[in-house]
Amino acid sequence: MDKFLEYLSYPFVRYALIVGVLVALCSSLLGVTLVLRRFSFIGDGLSHVAFGAMAIASVMKLTNEMPVVLLITIISAVLLLRTGKNTKIKGDAAIAMISVGALAFGYMLMNLFPASNNISGDVCSTLFGSTSILTLSRWEVILSIALSVVVVSIFVCFYNKIFSITFDEAFAKATGMRVNAYNLLVAVVIAVIIVLAMNLVGSLLISALVIFPALSAMRVFKSFKEVTVFSAVLSVVCALIGMIISLMVGTPVGSTIVTIDVIAFFLCTIAGRVLA
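From a predicted model like this one, the values you see are computed outputs, not experimental measurements. (Residues numbered from 1 in each chain as written. Predicted model: local features only at pLDDT ≥ 70, side-chain atom pairs only at ≥ 80, totals over all residues. Heavy atoms only, no water.)

S.K.: Please provide a residue-by-residue account of the overall build of the protein chain, values included.
M.R.: Counting its regular elements, the protein chain contains 13 helices and zero strands. From first element to last, N terminus to C terminus, the protein chain shows the α and β order α-α-α-α-α-α-α-α-α-α-α-α-α. Burial analysis of the protein chain (276 residues in total) assigns 48% to the buried set. Taking contacts inside the protein chain between residues at least 6 apart in sequence as the whole, the part at least 24 apart equals 75%. A total of about 13,400 Å² of accessible surface is found on the protein chain, and carbon and sulfur atoms cover 70% of it. (Helix = DSSP H or I, 4+ residues; strand = E, 2+ residues; numbered from the N terminus. Buried < 20%, exposed > 50% of the residue type's maximum accessible area, 1.4 Å probe, protein only. Contact = heavy atoms within 4.5 Å. Areas by Shrake-Rupley, 256 points an atom, 1.4 Å probe, with all protein chains shown as cover.)

This is the structure we're talking about:
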């Protein structure tokens, strides 16, 4: 405990814990919707796009990469939504095409225009979030807090609309709801969450942060509201435990958090069978 309190005296540790909790909360809110609509791999695809965008920002030697990465990821989310409705390119094929292309393009750029002598370390940090959460600037923390507030506010304000398009999009459209507009809103919010989560768990592990809390909650609860609330609480708790263990033991932050999420999933699965 003394060691942990000593770590808390450092600003970068406090920044990491604040952003980590907010990212975990935001990721879990729309995770339930993505799982129920079988759009889980959208997070994976956009995370690879974010990796490519970060490589572009690194090549341009920008002091703050987040605005560029956020813009490119949002544009890709919109294009992915449009392309997924094309009868010639189905949704899963569009996601695979964009994600693999962006990942390859980003890695090629980082090799052609290295920002440092340690390319492997840079790639590892971007893909797995090994140290990036501990190097956040004050401005990045403020931006992360602002974006998190926006994401939570959108989810709360449009909860009923998101609920409708999650379970019966055809019925929602028949009642006059602007389904395409709300789908676009969800895609943009997901893009924001992906960019926020990159600093915490890295681009390859983002999907786990979005999916595991939702799947764990579904093992115990049945209603949409109960699953969403429990998913949010579980995600925040797992993120906190993972970051604390990472600080105390020295393990990679992203991998530790995802490992805790996996353990929580199995515990919830056991609890669900016992309570059934």
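Read on for the rest.
S.K.: A description of the nonpolar core should follow, citing residues and the corresponding values.
M.R.: Taken as a class, soluble globular proteins show a tendency for nonpolar side chains to be buried jointly. With 64 residues, the main nonpolar core has Leu30, Leu46, Leu147, Ile165 and Ile190 as its most contacted residues. Among the elements that take part in this core, helix α10 (residues 179-201) stands out by supplying 14 residues, more than any other. Here Ile190 is in contact with Leu30, Leu34, Ile42 and Leu46, once residues within four sequence places are set aside. One finds Leu234, Cys238, Ala264 and Cys268 within the second-largest nonpolar core, a separate group that totals five residues. (Core = buried A, V, L, I, M, F, W, Y, C linked by side-chain atoms within 4.5 Å.)

S.K.: Break down a nonpolar patch on the surface for me, citing the residues and quoting the values.
M.R.: Side chains of Val229, Val233, Val237, Ile241, Ile245 and Val249 sit close together on the surface and give an oily, nonpolar patch of about 480 Å² of accessible area. As for its position among the elements, Val249 is in helix α12 (residues 224-249). (Patch = residues over 30% accessible without salt bridge, like charges linked within 9 Å, V, L, I, M, F, W, Y side chains within 5 Å. Salt bridge = Lys/Arg side-chain N within 4 Å of Asp/Glu carboxyl O.)

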